[in-house]
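Residue strings, one per chain:
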Amino acid sequence: MTIVDGILDRLETPATLTAHVVDPRPDPRVHGYAVQADLARNIGVADLGWLALTGELPDEHEREALGRALWWLAPLHVGEAPVHAGVLARISGAPDEVVPAVVTVALGQHIAAELRALAPMFAWLSGQVDEPPAVAVLGPDAAPAERDAWAELVADSARWFGRERAFPAAPALTRVAAAYAILARLGVGDPARLHAFATWARLPLALAEAACTTPGAVLRYPLDLPAYRYYEDE
């Protein structure tokens, strides 16, 4: 039998993997910072995420702004696809190690749809268009608490980013749109990092909802939601 080299066999490729974030030492390092000797003792989890995705530790204003964005992104309820997918996987008897994968894939699709819808908002923030898209703006029936939260964010944004880059008082943005707007003001503009931050913010609550569901409890699931009926063709 004659063995013939394939295309990949004829290419010169590196002999080692390139590590961009984690240096695998006995005490691993994240962008040069020792996890056990330094980060775990002195740095919060939000700081770790910022360090991982930007390469630097946040300053006081970046830390506060990032925390606001993550909390405003975090709540997804069981009626939304990523959480619902995790609950269905749990009810269906999926192994514990599979449920996070189901939720994460669904989150990726959910976030991709959000970013497509909010693309004009990012253009508005950068001054390319005059108005944000309607999907990003609070409607006339928004609760007073939602408008109060935006007003507070406007004031805080002046402190975080300076008055020239602060958010305008009007139009008021929705909670989710505002969270992405904060990330954009922090310099997070590329889709890969927006996906990473939004997934990181939402995954704990989505997995918690699935974890609170009894495995195999099909009869506890509302099978008629939404209401549907079968009709036979005559």
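Counting starts from 1 at the beginning of each chain's written sequence and moves along it residue by residue. Given that this is a predicted model, residues contribute local features only at a pLDDT of at least 70 and side-chain atom pairs are listed and counted only at 80 or more, while totals for whole chains, interfaces and linings are drawn from all residues. As a rule here, side-chain values cover all heavy atoms of the structure and leave hydrogens and water aside.

Draft legend 1. A look at the overall build of the chain. Counting its regular elements, the chain contains 8 helices and 3 strands. Starting at the N terminus and ending at the C terminus, the chain contains elements arranged as β-β-β-α-α-α-α-α-α-α-α. Relative to the compact-globule value of 17 Å for 234 residues, the chain shows a C-alpha radius of gyration of 23 Å, a clear excess of over 25%. Expressed as lengths along the three principal axes of its C-alpha atoms, the size of the chain is roughly 75 × 65 × 40 Å. Expressed as a percentage of the 234 residues in the chain, the buried residues total 34%. Whether two residues are in contact is decided by their heavy atoms: any pair within 4.5 Å suffices. Here the contacts in the chain between residues at least 6 apart in sequence split such that 59% fall between residues at least 24 apart. Accessible areas in this description were obtained via Shrake-Rupley with a 1.4 Å probe; residue shielding takes into account the shown protein chains only. Surface accessibility of the chain: about 14600 Å² in total, with carbon and sulfur atoms responsible for 59%. Neither His nor the chain ends is counted toward charge; the positive residues are Lys and Arg and the negative residues Asp and Glu. We put the charge of a Lys on NZ, of an Arg on CZ, of an Asp on CG and of a Glu on CD. One way to put it: in the chain the 18 positive side-chain charges average out to a point 5 Å from where the 30 negative ones average out. Under the DSSP-based scheme used, a helix requires at least four consecutive residues in state H or I and a strand at least two consecutive residues in state E, with every element numbered from the N terminus. Here the globule rule reads 2.2 Å times residues to the power 0.38, and the radius of gyration is calculated from C-alpha atoms. Residue exposure (1.4 Å probe, protein chains only): buried if accessible area is under 20% of the type maximum, exposed if over 50%, otherwise partly exposed.

Draft legend 2. The arrangement of the pattern of salt bridges in detail. By salt bridge we mean one thing: a side-chain nitrogen of Lys or Arg within 4 Å of a carboxyl oxygen of Asp or Glu. Counted under the stated rule, the structure contains 9 salt bridges. The partner of Asp 96 in a salt bridge is Arg 90, and the shortest N-O contact between them spans 2.7 Å. Residue class for Asp 96 comes out exposed when judged on its relative accessible area of 54%. Beyond isolated ion pairs, a larger network of salt bridges with shared partners links Glu 64, Arg 68, Asp 156 and Arg 159.

Draft legend 3. Quick peek at the sheet that holds strand β3 (residues 33-34). The strand order across the open sheet built from 3 strands is β1-β2-β3, with neighbouring strands paired in antiparallel fashion. The sheet is open, and its two borders are formed by β1 (22-23) and β3, each paired with just one other strand. Looking at chain direction, β1 and strand β2 (residues 29-30) are connected through 2 bridges and run antiparallel. Bridging from a neighbouring strand, Asp 23 pairs with Arg 29 of β2. Here a strand pair is declared whenever DSSP counts at least two bridges between the two strands.

Draft legend 4. Highlighting the packing of helix α7 (residues 175-185) against helix α8 (residues 191-211). Helix axes use the C-alpha atoms of the stretch in contact, all axes being lines fitted to C-alpha atoms, and the angles between their N-to-C directions lie in the range 0 to 180 degrees. The geometry of α7 relative to α8 is characterised by a closest axis approach of 11 Å and an angle of 130 degrees between their N-to-C directions. Classified by the interaxial angle, the pair formed by α7 and α8 is oblique. Note on packing geometry: the crossing formed by α7 with α8 is right-handed. Contacts from Val 176, Tyr 180 and Leu 183 in α7 reach Leu 194, Phe 197, Ala 198 and Arg 202 in α8. Each residue is assigned to one class: nonpolar for Ala, Val, Leu, Ile, Met, Phe, Trp, Tyr, Cys and Pro, charged for Asp, Glu, Lys and Arg, and polar for all the others, Gly among them. Here the contact of α7 with α8 is composed, by residue class, of 6 nonpolar, no polar and 1 charged. In what follows, roughly perpendicular refers to angles from 65 to 115 degrees, roughly parallel to angles under 35, roughly antiparallel to angles over 145, and oblique to any angle outside these ranges. Helix crossings are classified by the rotation of the near helix relative to the far one: an anticlockwise turn of less than a right angle makes the crossing left-handed, while a clockwise turn makes it right-handed.

Draft legend 5. Inspection of the nonpolar core at higher detail. The criterion is simple. A nonpolar core is a set of buried Ala, Val, Leu, Ile, Met, Phe, Trp, Tyr and Cys residues joined through side-chain atoms within 4.5 Å. Core analysis: the largest hydrophobic core is formed by 39 residues, its most contacted members being Met 121, Phe 167, Leu 173, Tyr 180, Ile 182 and Leu 183. Residue assignment for this core shows that the elements contributing at least two residues are α3 (60-73), α5 (99-125), α6 (144-161), α7 and α8. It is α7 that provides the largest number of residues to this core, a total of 8 residues. The next biggest cluster of nonpolar side chains, apart from the first, holds 8 residues, and it includes Val 99, Val 103, Ala 206 and Ala 210.

Draft legend 6. Main features of the environment of Arg 165. Mapped onto the elements of the fold, Arg 165 is located in the loop between α6 and α7. The sequence separation of Arg 165 and Pro 132 amounts to 33 residues, and the corresponding C-alpha distance is 16 Å.

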